[in-house]
Amino acid sequence: LNFIKFVKHLKNYSLIKKKKMETKKEIEVLNSLVEINNDRIEGYKNAGEETDSNSLKDMFVKFKRTSEICREQLAEEIRRCGGTPEEGTKTTGKLYRAYMDLKAAITGKDHKAILNSCEYGEDKALETYEDVLKNDSEDLNINQLNLVKSQYDMIKKDHDVVKAMRDTELVS
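Below you will find a few notes about this structure. Numbers given to residues run from 1 along each chain, matching the order in which its sequence is written. Side-chain atom pairs in this predicted model are given and counted only at pLDDT of 80 or more, local residue features only at pLDDT of at least 70, and totals for whole chains, interfaces and linings cover all residues. Only hydrogens and water are set aside; all other atoms, that is, all heavy atoms of the structure, feed into the side-chain values.

Okay, the overall build of the protein chain next. Put simply, DSSP marks the helices as runs of H or I at least four residues long and the strands as runs of E at least two long, and each gets a number from the N terminus on. When helices and strands are tallied, the protein chain shows five helices and zero strands. Counting from the amino terminus, helix and strand elements in the protein chain follow one another as α-α-α-α-α. Across the 172 residues that make up the protein chain, the buried fraction comes to 40%. Contacts are residue-level and defined by heavy atoms, with any inter-residue pair within 4.5 Å sufficient. Of the contacts formed within the protein chain by residues at least 6 apart in sequence, a portion of 80% connects residues at least 24 apart. When the accessible surface of the protein chain is totalled, it reaches about 10300 Å², and 55% of it is carbon and sulfur. The buried label goes to any residue with under 20% of its type's maximum accessible area, the exposed label to any with over 50%, and the partly exposed label to all in between, with areas taken from a 1.4 Å probe on protein chains only. Under the convention used here, a 1.4 Å probe and the Shrake-Rupley method define accessible areas, while residue burial counts only the protein chains that appear.

Structure representation (structure tokens):
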């Protein structure tokens with residue numbers, strides 16, 4: 001009888017340990033999206049400072065707000081899983097923003113250069129979401145997966161607006 005209790009205890013322990021590992025992976029995946037949204041927030045804050053165009057500033061504020069909403073939704077889910085949301089940005093994002101600052105200084109706040117930089121950042125954000133949807137979807141529950149898909153769609157719309165504006169700027 002004690003042996004049977006011991007075996008049941010081991011099974012429960014294994015299930016609990018497996019669930020903790022799954023939750024850790026969920027948190028890790030969701031935090032990668034928090035980081036890319038933190039990058040977008042900082043990137044659009046910088047981009048707004050680099051332009052003198054009110055229409056671009058307004059667009060950058062809107063896109064920054066999109067990522068603030070995404071970040072908060074992801075942070076809620078991470079906390080629900082018992083985790084702590086990332087507060088920083090990716091190292092690559094920091095390097096890219098430094099490059100963007102230098103480029104803006106050299107080009108004299110050229111709209112085309114700023115939009116090219118923004119599109120590059122949007123491409124990286126989309127790649128991060130696509131990577132999660134392609135490679136990490138099995139680590140997320142259905143609600144988390146739906147959240148990620150919904151956020152991907154929002155960021156894709158922003159990307160397409162930046163690309164269209166950049167293409168228009170190239171023609172002008």
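Quick look at the environment of Asn141 now. Inspection of the secondary structure puts Asn141 in the loop between helix H4 (111-135) and helix H5 (142-171). Taking the C-alpha atoms as reference points, Asn141 and Glu26, separated by 115 residues in sequence, lie 8.4 Å from one another. Once residues lying within four places of it in the same chain are set aside, the contact partners of Asn141 are Glu26, Glu77 and Arg80. For this analysis, a polar contact is any N or O atom pair within 3.5 Å, provided that within protein one partner can donate a hydrogen and the other can accept it, and provided that sequence-adjacent residues contribute only side-chain to side-chain pairs. A polar contact of 3.0 Å, which involves the side chain of Asn141, links it to the backbone nitrogen of Asn143.

With that out of the way, let us pick up the packing of aromatic side chains. Classification of ring pairs uses Phe, Tyr and Trp, with its six-membered ring standing for Trp, and accepts pairs whose centres are within 6.5 Å; under 30 degrees between planes counts as stacked, over 60 as edge-to-face, and the remaining range as tilted. In the structure shown here, the tally under the stated rule is two aromatic pairs. Consider the rings of Tyr44 and Phe63, whose centres lie 5.4 Å apart with planes at 70 degrees: the pair is edge-to-face. Within this pair, whereas Tyr44 is found in helix H1 (residues 2-50), its partner Phe63 is found in helix H2 (residues 54-80), the two being separated by 19 residues in sequence. Since its relative accessible area comes to 5%, Tyr44 is described here as buried. By relative accessible area, which is 1% here, Phe63 ends up buried.

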